[in-house]
Amino acid sequence: MEVVVLRYGHRLIRDERVTSHCCLVSRAFGAKKIVICGEQDPTAIKTLEGISKNWGAGFDAEFGSSWEKILTEHKKTGFKAVHLTMYGQPLEKKIKQIKKHKKIIVIIGSRKVERKVYALSDYNISVTNQPHSEIAALAVFLYEALRGKKTKFANAKLKIIPSSFGKKVKKKTRATG
Ligand SMILES: C[S@@+](CC[C@H](N)C(=O)[O-])C[C@H]1O[C@@H](n2cnc3c(N)ncnc32)[C@H](O)[C@@H]1O
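Thresholds, definitions, all that
- Residues numbered from 1 in each chain as written.
- Predicted model: local features only at pLDDT ≥ 70, side-chain atom pairs only at ≥ 80, totals over all residues.
- Heavy atoms only, no water.
- Patch = residues over 30% accessible without salt bridge, like charges linked within 9 Å, V, L, I, M, F, W, Y side chains within 5 Å.
- Areas by Shrake-Rupley, 256 points an atom, 1.4 Å probe, with all protein chains shown as cover.
- Salt bridge = Lys/Arg side-chain N within 4 Å of Asp/Glu carboxyl O.
- Lys, Arg positive; Asp, Glu negative; His and termini not counted.
- Charge placed at Lys NZ, Arg CZ, Asp CG, Glu CD.
- Helix = DSSP H or I, 4+ residues; strand = E, 2+ residues; numbered from the N terminus.
- Near = heavy atom within 4 Å.
- Polar contact = N/O pair within 3.5 Å; in protein donor to acceptor, adjacent residues only side chain to side chain.
- Nonpolar A, V, L, I, M, F, W, Y, C, P; charged D, E, K, R; others polar.
- Axes fitted to C-alpha atoms, helices over the stretch in contact; angles between N-to-C directions.
- Parallel < 35°, antiparallel > 145°, perpendicular 65-115°, else oblique.
- Left-handed = near helix turned anticlockwise from the far one by under 90°.
- Contact = heavy atoms within 4.5 Å.
- Core = buried A, V, L, I, M, F, W, Y, C linked by side-chain atoms within 4.5 Å.
- Buried < 20%, exposed > 50% of the residue type's maximum accessible area, 1.4 Å probe, protein only.
- Expected span 1.5 Å × (residues − 1).

### Focus on a positive patch on the surface
A contiguous patch of positive charge on the surface is contributed by Lys150, Lys152, Lys159 and Lys170. Examined against the element boundaries, Lys170 turns out to sit in strand β8 (residues 169-171).

### Quick look at the site of the ligand
Neighbouring the ligand are 17 residues, the closest being Leu84, Gly109, Val127, Thr128 and Gln130. Within the backbone of Gly109, an N or O atom sits 3.1 Å from an oxygen atom of the ligand. Taking Gln130, its main chain carries an N or O atom lying 2.6 Å from a nitrogen atom of the ligand. Protein chains shield 78% of the accessible area of the ligand, which is 570 Å² for the free molecule. For the shell around the ligand, the elements supplying multiple residues, two or more each, are β4 (80-90), β6 (123-126) and α6 (134-146). Of the residues that constitute the shell around the ligand, the class distribution is seven nonpolar, eight polar and two charged.

### Points about the packing of helix α4 (residues 91-98) against α6
Close contact between α4 and α6 brings their axes to 10 Å; oriented N to C, the two are set at 45°. The angle between α4 and α6 places the two elements in the oblique class. In this structure, the crossing between α4 and α6 has a hand that is right-handed. Contacts from Leu91, Ile95 and Ile98 of α4 reach α6 at Val140, Phe141, Glu144 and Ala145. Each residue belonging to the contact of α4 with α6 can be placed in one class, and the counts come to six nonpolar, no polar and one charged.

### Digging into the nonpolar core
Soluble globular proteins: nonpolar side chains tend toward being buried together. Grouped together as the largest cluster of nonpolar side chains are 32 residues, with contacts concentrated most on Ile34, Val82, Leu84, Leu138, Phe141 and Leu142. Sorting elements by how many residues they give to this core places α6 first, with seven residues. With near-sequence residues (within four places) excluded, Leu84 lies in contact with Val106, Ile107, Ile108, Ile125, Ala137, Leu138 and Phe141. One finds Tyr8, Cys37, Trp67 and Val117 within the second-largest nonpolar core, a separate group that totals 15 residues.

### What about helix α1 (residues 16-28)?
Under the 1.5 Å per step criterion, the end-to-end length of α1 is 18 Å for 13 residues, consistent within 8% with the ideal 18 Å. Within the span of α1, buried status applies to Thr19, Ser20, Cys22, Cys23, Val25, Ser26 and Arg27. Contacts from the buried residues of α1 go to β1 (2-10), β2 (33-38), α2 (43-55), β5 (103-108) and α6. In the segment just after α1, Gly30 is the residue with positive phi, at about 105°.

### Details of the pattern of salt bridges
The tally for this structure, following the rule as stated, stands at seven salt bridges. Arg7 is the partner of Glu134 in a salt bridge, and the nearest nitrogen-oxygen pair spans 2.9 Å. You can see Glu134 sitting in helix α6 and its partner Arg7 sitting in strand β1, a full 127 residues away along the chain. Among the residues examined, Arg7 registers a relative accessible area of 0% and is labelled buried. With a shortest N-O distance of 2.8 Å, Asp15 and Arg11 are connected by a salt bridge. Grouping residues by exposure puts Asp15 and Arg11 together as buried.

Shown next as structure tokens:
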């Protein structure tokens, strides 16, 4: 399954850190791309460029001018829209059905999300019906939707050797993939 994340309503300064974390979660949990809509701000994209340099490329982040345009364009090319909201249907009830789709665009909010997002989405999905965070909701959703998908990043300079104690990191002097 191909997954694109749409970050709705990014605000300068206030959302910088959270949006950066949404980018990192999207990348690590197997999404292909994140499109950030709202106030133009290169911070998140710069953070990601630094991460990709060391930990490998293959994930894209970009700014979009209008969330509605991004969403409708993706829907036209066969993407199903999943909006993560505490008001939605429980993830555990719908995940089986969602996993049948080949292409998904996942919408996560920041500020109050307008009604049109709910209406244009094919699924409004909750990760518990309690208020929490877009970072947490996104991580849980991607983990459930893409479980088992091994994410590969090209030209990584650093690779972690999983170990029970301490930190083991393999460094490549010349990046090879
Ligand atoms: C911090 S919340 C702010 C929500 C905002 N106050 C509103 O009323 O829409 C930001 C985003 O986190 C996500 N989120 C928070 N709690 C969630 C939950 N229980 N299930 C799914 N997504 C959730 C939603 O995408 C939401 O738009």
